[in-house]
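These are the residues of each chain, in order.
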Amino acid sequence: MGHPGGRCERRKQQVLRLALLAQDDKFLNVESGRAMRELLVTNCSQLVTLAGPARPRVGKELREVGAIADGAMLVRDGRIAAVGLRAEIEASAAGAEIVDAGGRLVTPGFVDAHTHLVFAGNRADEFEMRCAGATYQEIAAQGGGIKSTVRKTRAATENQLNAVAVRHARWFLESGTTTVEAKSGYGLTVEDELKILRVIRHVGEATALRTVPTFLGAHEIPEEYAGRADDYVQLVVEEMLPLVAKEKLAEFCDIFCEAKVFNLEQARRVFSAAKLRGLGLRMHADQFTSFGASELAAEMGAKTCDHLEQTSAASLEALKRAEVQPVLLPGSVYAIGSHKYPDARAMIEAELALVLATDFNPGSSPTSSMRMVMSLGCTQMKMTPAETLVASTVNAAYSLNRGGEIGSLEVGKIADFVVHDAEDYRELPYFFGDSRAAMVFTGGVLLRA
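Residues numbered from 1 in each chain as written. Predicted model: local features only at pLDDT ≥ 70, side-chain atom pairs only at ≥ 80, totals over all residues. Heavy atoms only, no water.

1. Quick notes on the nonpolar core
Within soluble globular proteins, side chains that are nonpolar tend to cluster in buried spots.
Stage number 1. Core analysis: the biggest nonpolar cluster contains 104 residues, and F215 and M283 have the highest contact counts within it.
Stage number 2. The leading source of residues in this core is helix 8 (residues 229–246), at nine residues.
Stage number 3. The residues touching F215, leaving out its near neighbours within four places in the chain, are S184, E193, L197, V236, M240, L241, V244, A250, F252, C253 and D254.
Stage number 4. One finds V41, I80, V99 and L446 within the second-largest nonpolar core, a separate group that totals 18 residues. (Core = buried A, V, L, I, M, F, W, Y, C linked by side-chain atoms within 4.5 Å. Buried < 20%, exposed > 50% of the residue type's maximum accessible area, 1.4 Å probe, protein only. Helix = DSSP H or I, 4+ residues; strand = E, 2+ residues; numbered from the N terminus. Contact = heavy atoms within 4.5 Å.)

Given below as structure tokens:
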């Protein structure tokens with residue numbers, strides 16, 4: 001669409017200013033961007049809105065992405081003001097700053113609903129051991145695994161963890177993720193768990209990455225409590241949870257419910273205490289064994305049940321009745337060399353509101369790329385590209401109680417969106433291992449290009 005000479009030149013200058021702003025390497029901080037009162041996003045090959053009912057999507061709805069060919073979007077004061085065909089939106093956007101998508105794909109920012117954002121060190125040595133044939137469980141039995149990261153994280157200062165977590169935030173933002181759920185769980189003492197949750201809060205305040213904090217004090221039985229799991233659960237219930245709630249450091253409480261970690265009765269104790277403190281519930285369940293964890297999550301009213309590699313048909317029925325959202329983590333299956341992926345097709349057929357997430361962590365899923373997870377969803381769990389995109393955006397947002405604000409490009413929602421180096425949404429999982437994002441916006445502020 002052409003414009004008269006003077007107006008056309010002004011718009012070119014506006015686009016140039018946005019391009020220069022995008023080169024600012026301080027894009028992590030929202031204050032390094034410039035919030036434009038009106039922003040016109042135009043020249044999109046596809047504007048994928050994910051528009052639909054005001055709830056998580058199920059069944060056939062998972063294939064409805066609301067793609068608008070040659071679409072455009074108007075953002076006003078950080079929120080979406082209009083979405084539609086380019087000609088219609090441009091006609092009502094005189095004077096707005098222009099984001100020229102360059103004939104590329106625009107989607108909502110990814111919402112990663114299961115991450116372990118804060119930890120010290122890494123476990124590249126254990127990765128090498130797995131390459132040589134050791135299993136994840138064998139390494140953990142030798143003092144590695146979660147306990148290895150706990151030792152390193154306890155030894156790190158809060159400032160050191162802040163620096164590492166901000167680096168991780170950059171990785172997420174660079175790949176188009178604008179919101180993450182972030183768990184504690186690598187401290188396993190009162191002070192170290194609070195330290196991690198404070199770091200999560202710092203990341204949410206100091207960077208453009210939106211963080212939803214989850215308390216995961218019951219992630220593992222610490223070495224000093226070996227053989228005394230009940231005593232450790234008592235510490236979680238009577239000391240950790242009260243302080244977490246008092247300092248308002250978490251919105252959810254999670255637990256790793258496995259036969260050799262925390263059993264059903266211990267999980268019930270933690271969940272009951274968390275509910276009394278006003279926290280929502282999430283659960284690591286059915287990853288290595290199936291012994292009733294997902295049924296307990298359903299009974300207790302959990303928001304999500306995560307992993308579910310070993311989940312039975314009866315468990316799916318329980319999750320469906322309780323409207324628990326499954327959060328599938330194919331990156332962790334891939335990274336530990338397992339071949340048992342969750343049965344995504346059965347969950348979709350059961351009309352469960354499926355979510356995909358990275359499970360970003362140093363041991364079993366060291367990836368921050370939602371696009372890689374989407375690819376695994378397609379190739380290993382036989383989901384369609386559309387289903388993986390819905391599961392990585394709007395459904396994930398609802399699993400974090402934020403479906404009314406983020407996860408889709410609809411009028412009134414926060415303008416978190418990504419211009420991808422692609423023309424069609426199906427390219428996102430197709431080019432696996434590729435996380436290129438041409439531009440990322442949070443709240444209408446350009447962060448990178």
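2. Quick notes on the pattern of salt bridges
Stage number 1. Evaluation of the coordinates by the stated rule reveals 22 salt bridges.
Stage number 2. A salt bridge links R86 to D70, with the shortest nitrogen-to-oxygen separation between them at 3.7 Å. Of this pair, R86 sits in helix 2 (residues 86–91) while D70 is found in the loop between strand 2 (67–69) and strand 3 (71–76), placing the two residues 16 residues apart along the sequence.
Stage number 3. Linking R198 and E158 is a salt bridge whose minimum nitrogen-to-oxygen distance equals 2.9 Å. Of this pair, R198 sits in helix 7 (residues 190–206) while E158 sits in helix 6 (residues 158–174), placing them 40 residues apart in sequence.
Stage number 4. Judged by relative accessible area, which is 26%, E158 ranks as partly exposed.
Stage number 5. Within this structure, E181, K183, D254 and R282 form a network of salt bridges that share partners. (Salt bridge = Lys/Arg side-chain N within 4 Å of Asp/Glu carboxyl O.)

3. Looking at the side chain of T214
Stage number 1. In this fold, T214 is placed in strand 8 (residues 210–218).
Stage number 2. With a relative accessible area of 0%, T214 lands in the buried category.
Stage number 3. Apart from residues lying up to four places away in sequence, T214 is in contact with E181, A182, K183, S184, L197, A250, F252, C253, D254 and R282.

4. Focus: the pairing of strand 1 (residues 38–48)
Within a regular strand, the side chains alternate between the two sheet faces.
Stage number 1. Counted residue by residue, strand 1 has nine buried out of 11 residues, so it is predominantly covered.
Stage number 2. Where strand 1 lies against strand 3, four bridges are found, and the strand directions are antiparallel. Across the sheet, L40 pairs through a bridge with L74, a residue of strand 3.
Stage number 3. Both strand 1 and strand 5 (residues 97–108) contribute to a ladder of seven bridges, which runs parallel. Bridge assignment links L40 to a residue of strand 5, and that residue is I98.
Stage number 4. Two strands pair when backbone bridges link them, and strand 1 and strand 2 are joined in this way by three bridges, in the antiparallel orientation. Looking at strand 2, one finds that V48 is bridged to A67. (Pairing = 2+ DSSP bridges.)

5. Quick look at the sheet that holds strand 6 (residues 110–115)
Stage number 1. If you trace the eight strands from one edge of the open sheet to the other, you get 6-7-8-9-10-11-12-13, paired in parallel fashion. Strands at the two margins of the open sheet, each flanked by one partner only, are strand 6 and strand 13 (355–356).
Stage number 2. Where strand 6 lies against strand 7 (residues 177–183), four bridges are found, and the strand directions are parallel. Looking at the pairing, F110 lines up with T177 of strand 7.

6. A word on the pairing of strand 15 (residues 437–442)
Stage number 1. Extensive coverage of strand 15 is indicated by the burial of six of its six residues.
Stage number 2. In this sheet, strand 15 lies alongside strand 14 (residues 417–420) in antiparallel orientation, the contact comprising four bridges. Following the sheet pairing, H420 is matched in strand 15 by A437.

7. Observations regarding the state of the cysteines
Stage number 1. Per the counting criterion, the structure on display carries zero disulfides.
Stage number 2. Sulfur of C253: no disulfide; nearest cysteine sulfur belongs to C257 and is 12 Å away. (Disulfide = S-S within 2.5 Å.)

8. Looking at the packing of helix 7 against helix 8
Stage number 1. Contact pair helix 7 / helix 8: the axes reach a minimum separation of 10 Å and the direction vectors enclose 35 degrees. The chirality of how helix 7 crosses helix 8 is right-handed. Residues V190, E193, L194 and L197 of helix 7 touch helix 8, and the partners they reach there are L235, E239, M240, L243 and V244.
Stage number 2. Among the residues forming the contact of helix 7 with helix 8, the class breakdown is seven nonpolar, no polar and two charged. (Axes fitted to C-alpha atoms, helices over the stretch in contact; angles between N-to-C directions. Left-handed = near helix turned anticlockwise from the far one by under 90°. Nonpolar A, V, L, I, M, F, W, Y, C, P; charged D, E, K, R; others polar.)

9. Quick word on the packing of aromatic side chains
Stage number 1. This structure, assessed with the given rule, holds nine aromatic pairs.
Stage number 2. Between the aromatic rings of F172 and F360, the centroid separation amounts to 5.2 Å while the plane-to-plane angle is 80 degrees, which identifies the pairing as edge-to-face. Taken as a pair, F172 in helix 6 and F360 in the loop between strand 13 and helix 14 (370–381) lie far apart in primary sequence, 188 residues in all. Here the two residues F172 and F360 agree in accessibility, since each one is buried.
Stage number 3. By the ring-pair criterion, three or more aromatic residues cluster together here, those being F119, W171, F172, Y186 and F360.
Stage number 4. Positioned above the aromatic ring of F252 is the side chain of R282, whose terminal nitrogen or guanidinium carbon lies 4.6 Å from the ring centre. (Phe/Tyr/Trp six-rings, centres within 6.5 Å; stacked < 30°, edge-to-face > 60°. Lys NZ or Arg CZ within 6 Å of the ring centre and 35° of its normal.)

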